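Report on the structure
Read off the chains here:
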Amino acid sequence: MGAGGRTSVPPSNRTVEADYAKRVPHEKPPFSLSQVKKAIPPHCFQRSVIRSFSYVVYDLTIAFCLYYAATNYFHKLSSPLFYLAWLLYGAVQGCILTGVWVIAHECGHHAFSDYQWLDDTVGLVLHSGLLVPYFSWKYSHRRHHSNTGSLDRDEVFVPKKKSSIAWWSKYLNNPLGRVLTLTITLTLGWPLYLAFNVSGRPYDRFACHYDPYGPIYSDRERLQIYISDAGVLAVSYGLIRLVMAKGLAWVVAVYGVPLLVVNGFLVLITYLQHTHPALPHYDSSEWDWLRGALATVDRDYGILNKVFHNITDTHVAHHLFSTMPHYHAMEATNAIKPILGEYYRFDGTPFFKAMWREAKECLYVESDQGAQNKGVFWYNNKL
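Counting restarts for each chain: residues are numbered from 1 in the order of the written sequence. In keeping with the predicted nature of the model, local features appear solely for residues at pLDDT of at least 70, side-chain atom pairs appear and are counted solely at 80 or more, and the whole-chain, interface and lining totals rest on all residues. Only hydrogens and water are set aside; all other atoms, that is, all heavy atoms of the structure, feed into the side-chain values.

Section: the overall build of the protein chain
A helix here means a DSSP run of H or I that spans at least four residues, while a strand means a run of E at least two residues long, and both kinds are numbered starting from the N terminus. For the protein chain, the helix and strand inventory stands at 15 helices and 5 strands. Overall size of the protein chain, expressed as C-alpha extent along the three principal axes, is 65 × 50 × 50 Å. Across the 383 residues in the protein chain, those meeting the buried criterion constitute 50%. Throughout, the Shrake-Rupley method with a 1.4 Å probe supplies accessible areas, and for residues the shown protein chains are the sole cover considered. By element, 65% of the accessible surface of the protein chain is carried by carbon and sulfur atoms, the whole surface being about 18200 Å². Computing the positive centroid from 35 side-chain charges and the negative centroid from 29, the protein chain places the two 3 Å apart. Relative accessibility decides the category of a residue: with a 1.4 Å probe and only protein chains considered, values under 20% of the type maximum give buried, values over 50% give exposed, and everything between is partly exposed. Working convention for charge: Lys and Arg count positive, Asp and Glu count negative, and His plus the chain ends are omitted. Working definition for charges: the position is that of NZ of Lys, CZ of Arg, CG of Asp or CD of Glu.

So, the sheet that holds strand S1 (residues 281–282)
When DSSP finds two or more bridges between a pair of strands, those strands are recorded as paired. Spatially, S1-S5-S4 is the arrangement adopted by the 3 strands of the open sheet, whose pairing is antiparallel. Bordering the open sheet on either side are S1 and strand S4 (364–366), each of which pairs with just one other strand. Note: S4 against strand S5 (residues 376–380), 3 bridges, orientation antiparallel. Bridge pairing in S5 links Val365 to Tyr379.

Some thoughts on the pairing of S5
The element S5 is largely enclosed, with a buried count of 5 among its 5 residues. Alignment of S1 against S5, held across 2 bridges, turns out to be antiparallel. Looking at S5, one finds that His281 is bridged to Phe377.

A closer look at the packing of aromatic side chains
Ring pairs are drawn from Phe, Tyr and Trp, using the six-membered ring of Trp, whenever the two centres fall within 6.5 Å, and their geometry is named by plane angle: stacked under 30 degrees, edge-to-face over 60, tilted for the rest. Summed over the entire model, instances satisfying the criterion amount to 26 aromatic pairs. Note on Phe31 and Tyr343: the rings are 5.5 Å apart at their centroids and 85° apart in plane angle, and the pair reads as edge-to-face. Residue Phe31 is found in the loop between helix H1 (13–19) and helix H2 (33–38), and its partner Tyr343 is found in the loop between helix H14 (329–340) and strand S3 (346–347); the two are separated by 312 residues along the sequence. In this structure, Phe31 and Tyr343 share a single accessibility class: buried. Look at Phe74 and Tyr89: their rings are 6.5 Å apart centre to centre, the planes differ by 85°, and that puts the pair in the edge-to-face class. Residue Phe74 is located in the loop between helix H3 (49–73) and helix H4 (79–108), and its partner Tyr89 is located in helix H4; the two are separated by 15 residues in the primary sequence.

Let's talk about empty space enclosed by the protein
Both cavities and pockets are sets of points on a 1 Å grid over the protein atoms alone; in a cavity a 1.4 Å probe fits but cannot get out, in a pocket the set is open with protein on both sides within 12 Å along at least five of seven lines, and lining residues sit with an atom within 4 Å of a point. Grid points are joined across faces, edges and corners, and a volume is the space filled by probe spheres set on the points. In the structure shown here, the tally under the stated rule is 4 cavities of 30 Å³ or more. Of the pockets and cavities examined, the largest cavity occupies roughly 110 Å³. In terms of lining residues, the largest cavity is bounded by 14 residues, among which Glu106, Thr314, His318, His326 and Ala329 are the most central. By residue number, the principal contributor to the lining of the largest cavity is H4, which donates 3 residues.

So, the side chain of Asp347
Tracing the backbone shows Asp347 in strand S3. Residue classification places Asp347 among the buried positions, given a relative accessible area of 0%. Side-chain atoms alone can form a polar contact between residues adjacent in sequence; in general such a contact is a pair of N or O atoms within 3.5 Å, and within protein one must be able to donate a hydrogen while the other accepts it. A distance of 2.7 Å separates polar atoms of two side chains, one belonging to Asp347 and the other to His276. Polar contacts involving the side chain of Asp347 include one to the side chain of Thr349, which spans 2.6 Å.

Observations concerning the layout of surface pockets
Taken as a whole, the second largest pocket spans an internal volume of roughly 370 Å³. Along the wall of the second largest pocket there are 18 residues; nearest its centre are Ala63, Gln93, Leu97, Gly129 and Tyr255. Elements with a minimum of two residues in the lining of the second largest pocket: H3, H4, helix H5 (116–129), helix H9 (222–246) and helix H10 (248–274). All amino acids are sorted into three groups, where Ala, Val, Leu, Ile, Met, Phe, Trp, Tyr, Cys and Pro are nonpolar, Asp, Glu, Lys and Arg are charged, and the leftover types, Gly among them, are polar. Grouping the amino acids of the lining of the second largest pocket by side-chain chemistry returns 16 nonpolar, 2 polar and no charged.

Topic: H3
Any helix carries an expected span of 1.5 Å times its number of residues minus one. Taking 1.5 Å per residue, 25 residues should reach 36 Å; H3 reaches 36 Å between its end C-alpha atoms and fits that length. Ser52, Val56, Asp59, Ala63 and Ala70 are the residues of H3 that are buried. Contacts from the buried residues of H3 go to H4 and H5. Whether two residues touch is decided by their heavy atoms; if any such pair falls within 4.5 Å, the residues are in contact.

A few points about the pattern of salt bridges
One side-chain nitrogen of Lys or Arg within 4 Å of one carboxyl oxygen of Asp or Glu is enough to make a salt bridge. If you walk through the whole model with that rule in mind, you get 13 salt bridges. The partner of Arg23 in a salt bridge is Asp368, and the shortest N-O contact between them spans 2.6 Å. Placement of the pair is Arg23 in the loop between H1 and H2 and Asp368 in the loop between S4 and S5, with a sequence separation of 345 residues. Taken together, the shared-partner salt bridges connect Arg299, Asp347, Arg357 and Glu358 into one network.

Some details on the side chain of His26
Mapping His26 onto the fold places it in the loop between H1 and H2. In this structure His26 comes out as buried when scored by relative accessible area, which is 18%. With sequence-adjacent residues up to four places away left out, His26 is seen in contact with Pro280, Tyr282, Arg291, Asn373, Val376 and Trp378.

Shape descriptors only; they carry no functional weight alone.
Right, here's the structure in full:
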């Protein structure tokens with residue numbers, strides 16, 4: 001990867017395969033956050049209401065056109081093409097709605113506009129439409145950004161130490177076990193995280209994103225958790241009425257399958273951003289915010305990078321400056337790579353291949369034997 005990170009000429013597959021496991025430095029970096037920020041053109045931090053809304057309109061227009069085509073023309077197709085068309089619709093619509101989810105994610109970071117009330121209003125509407133409790137996720141996600149890379153305080157995809165992995169892990173450490181694990185993770189991972197905090201940090205009691213009095217939230221946040229729940233309940237009620245009017249099969253085809261695709265991509269994107277053989281994790285003796293924020297990786301999803309508003313290939317910059325709008329993130333990434341040098345990690349492995357590789361190689365974390373810094377942990381897979 002080197003100081004240049006990703007160059008204008010994509011690396012060959014052989015180079016990617018050879019370099020992917022080269023570890024990111026874990027020592028305190030020789031640069032400060034302010035030095036990194038100075039390398040970014042000032043306009044990259046400017047938020048535009050008109051430009052931000054243009055992405056909302058663009059995504060929702062495409063989503064409506066797909067819905068219109070599916071509900072008005074698919075029934076005219078013969079049997080094999082009919083089912084194939086609906087499968088294609090679910091996949092494409094799911095990708096477009098993942099882009100809508102990303103815009104709501106921008107709202108949660110106050111990156112949509114200069115007005116917090118507008119960001120929260122847009123975020124609440126868009127996330128509720130995708131059955132996401134907006135404020136609930138906003139606050140837990142904010143804590144993730146505050147504690148990235150910490151084994152003690154990070155909020156999501158917190159890797160386990162070898163001594164803490166479940167006894168059945170060795171029985172899943174094979175191709176069939178990985179297929180089963182990935183299938184469950186991509187289909188049920190998101191609702192299980194929201195409802196039961198699966199893959200999240202441990203709390204001293206039951207943690208749930210729908211519980212205003214759960215340990216995830218403070219007293220001043222509880223009212224907004226109720227609002228999040230109300231948004232999800234309102235959309236759920238609307239879906240129930242649609243089922244009564246149109247039938248369950250219609251709702252599943254039009255909304256349910258695309259939502260499964262959205263949920264799968266959310267889990268996959270987050271997983272691959274924070275799970276990589278080259279990335280360190282830290283316990284409380286070594287962790288600091290800057291090193292934790294740098295313990296992330298940019299990935300390449302091909303054409304989906306644009307569909308997902310570049311949340312996939314500008315994640316390092318996003319963790320450093322989360323209020324920066326997504327439409328400036330690529331320019332900012334290119335500006336900071338010379339400053340970050342070896343601390344910047346890009347992996348151009350196709351995401352489906354990287355998913356399988358990381359599921360195989362990143363089973364737990366442990367510190368290197370004989371290492372001076374016992375608070376630095378790396379992924380391993382030897383059970």
